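Understanding the architecture of this molecule
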Amino acid sequence: MKKLVLYILLLGAPFAVHAQFDKLKDSVVQIYGVIMTADSLKAIPMVSVVVKGRNQGTYPNEQGVFSLVVLKGDVIEFSSVGYKSKTVTISDTLTSNQY
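The structure reproduced in this document is the subject of the present report. From a predicted model like this one, the values you see are computed outputs, not experimental measurements. (Residues numbered from 1 in each chain as written. Predicted model: local features only at pLDDT ≥ 70, side-chain atom pairs only at ≥ 80, totals over all residues. Heavy atoms only, no water.)

Right, let's talk about the overall build of the chain for a bit. When helices and strands are tallied, the chain shows one helix and six strands. Reading the chain from its N terminus to its C terminus gives the helix and strand order α-β-β-β-β-β-β. When burial is assessed residue by residue, the chain has 20% of its 99 residues classed as buried. For the chain, the share of sequence-separated contacts (at least 6 apart) that also reach a separation of at least 24 residues comes to 47%. Counting every atom, the chain has about 7,600 Å² of accessible surface; 61% of that belongs to carbon and sulfur. (Helix = DSSP H or I, 4+ residues; strand = E, 2+ residues; numbered from the N terminus. Buried < 20%, exposed > 50% of the residue type's maximum accessible area, 1.4 Å probe, protein only. Contact = heavy atoms within 4.5 Å. Areas by Shrake-Rupley, 256 points an atom, 1.4 Å probe, with all protein chains shown as cover.)

For the rest of this paragraph, the subject is the environment of Y83. Within the secondary structure, Y83 is located in the loop between β5 (75-79) and β6 (86-89). In sequence terms Y83 and I44 are 39 residues apart; their C-alpha atoms lie 9.8 Å from each other. If we ignore the near neighbours within four places in the chain, the residues touching Y83 are T37 and I44.

This brings us to the packing of aromatic side chains. Across all of its chains, the model carries one aromatic pair by this definition. Where F66 meets F78, the ring centres are 5.6 Å apart and the plane angle is 70°; that geometry is what we call edge-to-face. Of this pair, F66 sits in strand β4 (residues 65-71) while F78 sits in strand β5, and the two are twelve residues apart along the sequence. Residues F66 and F78 agree in their burial class; the two are buried. (Phe/Tyr/Trp six-rings, centres within 6.5 Å; stacked < 30°, edge-to-face > 60°.)

The subject of this paragraph is the pattern of salt bridges. If you walk through the whole model with that rule in mind, you get one salt bridge. D74 is the partner of R54 in a salt bridge, and the nearest nitrogen-oxygen pair spans 2.2 Å. Taken together, the residues R54 in the loop between β2 (48-51) and β3 (56-58) and D74 in the loop between β4 and β5 connect sequence positions 20 residues apart. (Salt bridge = Lys/Arg side-chain N within 4 Å of Asp/Glu carboxyl O.)

What follows covers the pairing of β2. The pairing of β2 with β5 spans four bridges and is classified as antiparallel. Bridge pairing in β5 links S48 to S79. Relative to β3, β2 runs antiparallel, the two sharing three bridges. By the bridge assignment for β3, V49 is matched with T58. Hairpin geometry of β2 and β3 is characterised by an intervening segment of four residues between the two adjacent antiparallel strands and by a positive phi of about 85° at G53. (Pairing = 2+ DSSP bridges.)

Before going further, it helps to spend a moment on the environment of V81. For V81, the position within the fold is in the loop between β5 and β6. Spatially, the C-alpha atom of V81 lies 8.5 Å from that of M46, the residues being 35 residues apart in sequence.

Further remarks concern a nonpolar patch on the surface. Side chains of V34, M36, L41 and V65 sit close together on the surface and give an oily, nonpolar patch of about 340 Å² of accessible area. Under the relative-accessibility criterion, V65 is labelled partly exposed at 40%. (Patch = residues over 30% accessible without salt bridge, like charges linked within 9 Å, V, L, I, M, F, W, Y side chains within 5 Å.)

Spelled out as structure tokens, the structure:
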């Protein structure tokens, strides 16, 4: 009986995962950009780009270019030593999946 219940649960697992993916796929957004100073427009390569409340983030390359996959409504924090931190909230009403 235990094996039968386990088989039934395992057979239903792909459908549950697929349903969760369908629910989240419209919320996933890829953000990308260039981090630079406002006055001289020079790239800032060692900036921490972190999604607040989750263990997810990235650093830009030497030209300041970064890319990160987040969910709509996430708060992104940009911080670097010697610069003022900046937070940006990804809008819930985006019509595209790239920002």
